[in-house]
Amino acid sequence: MKTEREYCEEASLKRIHQSCFGKGIPFASFHEPGSDCTTTFIQHSKQPRILTDVLELDTIQGFVASPFSQTGPTYVIEPNMVHTSQKIVKEVLQNLSQVTTSNDIKIQPTENLFESTKQEFEDQVRAMQVEIAKGNITKAVLSRIKLQPRKPTDEITAIFCSLVDTYPDAFVYLFNIPGVGCWMGASPEPLLTIVDNVAETISLAGTQSMNNRRMAQVTWQGKELKEQGIVTCYIEDVLNNFGITNYRKEGPSTHRAGNLVHLKTTFQFNASQFKKRLGLLIEALQPTPSVCGLPKLEARAVVKMVEPHNRQFYTGLVGPVNFNGKTLLYVNLRCMRILENAFAFFMGAGITAESMPEKEWEETDQKMMTLRSVVNGINSSYELNKTGN
């Protein structure tokens, strides 16, 4: 059960979100893993900054939303106002009332997003395995989209707050860029975080459903260990190429993320080892084999050839950069795009020579439930409250 304080904080955040949606101005709300408060960046102008060079990441301050595609623009919401859930909301709302910017596009209308059937997805798995058999790649990541109808009454803020409550160890975010898109997610995977000059990145690969087991009962098979090893070796190569050799490595260990578990290896190092090269390091790390494949360029080409849809911000990057001495950039996983009449869930699975197409479909179903169970839970609560039952 929520406390009175939590109900008040959710109500305040809802008022902020409604005002930003109504005025058509960009905003981003996010909750750091293990934190006890939510931060919201609000930008008065309707168009966020678009980065033209990765080197700009060294000097910007704001919330970054970067797509999977190298050719797509990276957006930065540079806040005129910053609100945390522990502050009184009155001042923020007063300032928002004076913002005159407006935009006719509040939430994007539903697009013709391609939703693969189970048979189509399994055929796509086999198409990637053909490329693996040719020796062109060792791994590729295949994604798909699931559309679920959305009602005008669906509470976006309530879903966000429920994600925060359900997944306290994830990076939970909601951002809206008018004319670009509204996205929400609960990512378990930091690409690069910097706190108190300590940098951290992880390799996260291999997926199982908990199925009511205890953590001690989880065991890992060859395919999952191979996947995790590929990502770990890749990160080590990137760090070594940047001259970052003095790092602390821990893992692999079993890491729980909601109803799923993954294999995780953590790397920690002093951020001064890549001073003024933040953008270059991120460019080298992203996309990792956990969301693209290996070798990177060849796997990306296979993904583009096989996938029938545009990933947009899925498996891209989200998070604040250079804010209060922190950079928290997360891989955009366990996410959805919020459209006018639908929720578009994005999920994927790593494909290797050992992959079984049906099992990969089941894995994507399991990943989708991270968000879908929360969305459906909020909708059920709303219907109960409406009927008074």
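A brief look at the structure comes next. (Residues numbered from 1 in each chain as written. Predicted model: local features only at pLDDT ≥ 70, side-chain atom pairs only at ≥ 80, totals over all residues. Heavy atoms only, no water.)

### So, the pattern of salt bridges
Step number 1: Counting across every chain of the model gives 19 salt bridges.
Step number 2: The salt bridge involving lysine 326 is made with glutamate 32; its shortest N-O contact spans 3.0 Å. In this pair, lysine 326 is assigned in strand 16 (residues 326-331) and glutamate 32 in the loop between strand 1 (27-31) and strand 2 (39-42), connecting sequence segments 294 residues apart.
Step number 3: Assessed through its relative accessible area of 28%, lysine 326 is described here as partly exposed. (Salt bridge = Lys/Arg side-chain N within 4 Å of Asp/Glu carboxyl O. Helix = DSSP H or I, 4+ residues; strand = E, 2+ residues; numbered from the N terminus. Buried < 20%, exposed > 50% of the residue type's maximum accessible area, 1.4 Å probe, protein only.)

### Here we look at the sheet that holds strand 17 (residues 335-338)
Note: strands within a sheet are paired through backbone hydrogen bonds, in either parallel or antiparallel orientation.
Step number 1: Pairing is antiparallel across the open sheet formed by 9 strands, whose spatial order is 6-2-1-8-9-17-18-7-14. The open sheet has two edge strands, strand 6 (81-84) and strand 14 (293-294), and neither has a second partner.
Step number 2: Two strands pair when backbone bridges link them, and strand 17 and strand 18 (residues 342-351) are joined in this way by 4 bridges, in the antiparallel orientation. Residue pairing for strand 18: isoleucine 338 is matched across the bridge by phenylalanine 343.
Step number 3: Against the sheet, helix 1 (residues 4-23) engages strand 1, strand 2, strand 6, strand 8 (171-177) and strand 9 (181-187), with an angle of about 155° to strand 1.
Step number 4: Lying on the sheet, helix 2 (residues 90-97) is in contact with strand 2 and strand 6; it crosses strand 6 at an angle near 150°. (Pairing = 2+ DSSP bridges. Contact = heavy atoms within 4.5 Å. Axes fitted to C-alpha atoms, helices over the stretch in contact; angles between N-to-C directions.)

### Details of the sheet that holds strand 10 (residues 190-195)
Step number 1: Strand order in the open sheet made by the 9 strands is 3-5-4-15-16-10-11-13-12, with antiparallel pairing throughout. One side of each edge strand has no neighbouring strand; the edge strands of this open sheet are strand 3 (49-51) and strand 12 (248-257). Averaged over all pairs of adjacent strands, the angle between their axes in this sheet comes to 20°, without regard to strand direction.
Step number 2: Looking at chain direction, strand 11 (residues 198-209) and strand 13 (residues 260-270) are connected through 11 bridges and run antiparallel. By the bridge assignment, leucine 204 is partnered in strand 13 with lysine 264.
Step number 3: Strand contacts of helix 5 (residues 222-241): strand 11, strand 12 and strand 13, with the helix running at about 165° to strand 11, the strand carrying the most contacts.

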